[in-house]
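Structural overview
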Amino acid sequence: MRVLLVIGAGPGQGAVPSLIAALRRREWAVLPILSTPAAASCADLWSSLCAAPVGFLDAPPAADVALLAPCAVPLPPAVAALVSHRRAAGVPVVSVPTASAPARPGPRPAGAAAWEVVPAALPLLGGGVAPLWLAGPEAVAEAVAAAVTRPDLAGKGILVTAGPTVEDIDPVRFLSNRSSGLMGLSLALSAWRRGAAVTLVHGPLQVAVPALPGLEAVPVRSAAQMHQAVLERIAAQAAAILCAAVADFAPRQVAAQKIKKTAAGVAEDPTLPLRRTPDILAALGALPRRPFLVGFAAETDHVEAHALDKLRRKGCDLLCANDVTEPGSGFAVATNRITILARDGSITPLPLLSKSAAADCILDRVAAALAP
Ligand code: C5P
């Protein structure tokens, strides 16, 4: 994708390098243009950060989306002319206003070709708030991706569970697993880009959730907390995608104090009594009025047979199976090779993809199923 980046002058410029880095991490071509002559003093810097020559306002290169950051209000006349020209040509425009612009919170307007990113306030050490600036480079990059995505889930409630759960043994020890939460976050962002109202119920994550209007993050710790948080919110959902690596067992009791190895009654070779945790997916599958349900299955052998059995047993509509022993698939890597199994018995193997691209394929199926 080609992003035309119209770089404004002013205090917000300091955050532009990290924004360029976030755009380029997505392997987008970033084509810089300077909105005023005052911004030209850094032309060489922008050119090298974008690995592209700085273009001219009156002859902008062709691009799939235009991004104005920082965006002065009102726009300089030459930028306003460029924006109206691009909009007339059907190119979406995303603007990131500076501090002087009024913040406009709220979800993404359905089907909008132009979208203003709400600037976030930066809290200062010692109190106070710095000039309003970017909502954060990842949030802006997501807004750019959303601007070129068909909003085929507009207004639909999609709940995603992500990450591991943590089951406490005592105040310092716990049982958990290696899930980073990247696959679940990728699913939530894919749904958000399509205009869904997303609820992300997650255990402790190794990835950051960008602050986006219309994406509600609900942090939890244990399987029991995740179960409760999901059930409380399920009535509003058109679909639920359960990607969390929920602990299957939790200690039967959580000790109030750290368990001392020298304490009376602690054997030389102690055992930890466990109980089963609630199966959230199976609980949703058994609801009388359940949303469209997508489950995940991390398997190590006989992947399709185990996954098909799980789909039937848990009452899912789709089950995404992956072989976690395969290189590049599963925990703590950026890629995944998923096979999508459906209730009708159809089996769709996806190639090895980034977790974001794999999430888009899964959301294609969800959107198709929810289409009127
Ligand atoms: O049974 P297994 O854990 O392999 O099933 C995996 C699927 O079930 C995943 O979608 C996972 O999020 C969900 N699950 C759940 N609650 C549990 C265990 C698994 O929702 N207690």
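Residues numbered from 1 in each chain as written. Predicted model: local features only at pLDDT ≥ 70, side-chain atom pairs only at ≥ 80, totals over all residues. Heavy atoms only, no water.

**Some remarks on the layout of surface pockets**
To keep it simple, the criterion reads: Here the term cavity refers to a set of points on a 1 Å grid, laid over the protein atoms alone, in which a 1.4 Å probe fits but cannot get out; the term pocket refers to an open set having protein on both sides within 12 Å along at least five of seven lines, with lining residues being those that place an atom within 4 Å of a point. Grid points are joined across faces, edges and corners, and a volume is the space filled by probe spheres set on the points. Comment: elements are numbered from the N terminus, with helices defined as DSSP H or I runs of at least four residues and strands as E runs of at least two. In this count, Pro and Cys sit with the nonpolar residues alongside Ala, Val, Leu, Ile, Met, Phe, Trp and Tyr, while Asp, Glu, Lys and Arg are called charged and the others, Gly among them, polar.
By volume, the largest pocket amounts to about 980 Å³. Around the largest pocket, the lining is made up of 39 residues, and of these A244, A245, V246, F296 and A298 lie nearest the centre. Among the elements of the structure, strand 8 (157–162), helix 5 (182–193), helix 7 (280–285), strand 16 (292–299) and helix 8 (303–314) are those that each provide at least two residues to the lining of the largest pocket. It is strand 16 that contributes the most residues to the lining of the largest pocket, four residues altogether. Looking at the lining of the largest pocket residue by residue, the class counts come to 20 nonpolar, 12 polar and seven charged. If you add up the space inside the second largest pocket, you get close to 750 Å³. Looking at the second largest pocket, it is lined by 25 residues, and the ones nearest its centre are R26, E142, S186, R193 and S356.

**Considering the site of the ligand**
Test applied: Proximity is defined per residue: any heavy atom of the residue falling within 4 Å of a molecule or strand makes that residue near it. Each polar contact in these results corresponds to two N or O atoms within 3.5 Å; when the atoms are within protein, one needs to be able to donate a hydrogen and the other to accept it, and residues that are neighboring in sequence are counted only if both atoms are side-chain atoms. Placement in a cavity or pocket follows one criterion, namely that more than half of the molecule's atoms lie within 2 Å of its grid points.
As a matter of local geometry, the ligand sits amid 13 residues, with L242, A244, P278, F296 and K310 nearest to it. Contacts to the ligand include L242, whose backbone N or O atom sits 2.5 Å from an oxygen atom. A distance of 2.9 Å is found between an oxygen atom of the ligand and a backbone nitrogen or oxygen belonging to L281. Because more than half of its atoms lie within 2 Å of the grid, the ligand is assigned to the largest pocket. At the level of elements, helix 7, strand 16 and helix 8 are the ones that each hand at least two residues to the shell around the ligand. A class-by-class count of the residues in the shell around the ligand yields seven nonpolar, two polar and four charged.

**With respect to helix 5**
Because an α-helix completes one turn every 3.6 residues, residues spaced three or four positions apart along the sequence face the same direction. Cut-off, in case you're wondering: One less than the residue count of a helix, multiplied by 1.5 Å, gives the span that helix is expected to have. In this scheme, a residue with accessible area under 20% of its type's maximum is buried, one over 50% is exposed, and one in between is partly exposed, where area comes from a 1.4 Å probe on protein chains only.
Taking 1.5 Å per residue as the helical rise, helix 5 with its 12 residues ought to reach 16 Å, and the 16 Å between its terminal C-alpha atoms agrees with that figure. Burial within helix 5 is extensive, with 11 of its 12 residues counted as buried. Among all positions in helix 5, only M183, G184, L185, S186, L187, A188, L189, S190, A191, W192 and R193 are buried. Two residues or fewer past helix 5, G195 is found with a positive phi of approximately 95°.

**Focus: the pattern of salt bridges**
In plain terms, the rule: Only one rule defines a salt bridge in this text: a Lys or Arg side-chain nitrogen within 4 Å of an Asp or Glu carboxyl oxygen.
Scanning the model with the defined rule gives 17 salt bridges in all. Across the salt bridge formed by D168 and R221, the nearest N and O atoms sit 2.7 Å from each other. Of this pair, D168 sits in strand 9 (residues 167–168) while R221 is found in the loop between strand 12 (215–219) and helix 6 (223–233), placing the two residues 53 residues apart along the sequence. On the basis of relative accessible area, D168 is assigned to the partly exposed category, the value being 25%. Here R221 falls in the partly exposed class, since its relative accessible area comes to 33%. Among the ionic pairs, D364 bridges to R194, the shortest N-O distance being 2.4 Å. Taken together, the residues span a long stretch of sequence, with D364 in helix 9 (residues 355–370) and R194 in the loop between helix 5 and strand 11 (197–202) at a distance of 170 residues. By relative accessible area, which is 6% here, R194 ends up buried. Where salt bridges share partners, they join R25, R26, E138, E142, R193 and D360 into one cluster.

**Quick look at the pairing of strand 3 (residues 65–71)**
The criterion, for reference: In this analysis, strands are considered paired if DSSP registers two or more bridges between them. Handedness rule for crossovers: strands pointing away from the viewer, path from the first strand over the helix to the second running clockwise, crossover right-handed.
Here strand 3 lies mainly inside the structure; seven of its seven residues are buried. Bridge count between strand 1 (residues 2–7) and strand 3: four bridges; the pairing is parallel. Counterpart to L5 in the pairing with strand 3 is L67. Where strand 3 meets strand 4 (residues 93–97), four bridges bridge the pair, whose relative direction is parallel. Bridged to L68 within strand 4 is S95. Read as a crossover between parallel neighbours, the route from strand 3 over helix 3 (residues 77–88) to strand 4 is right-handed.

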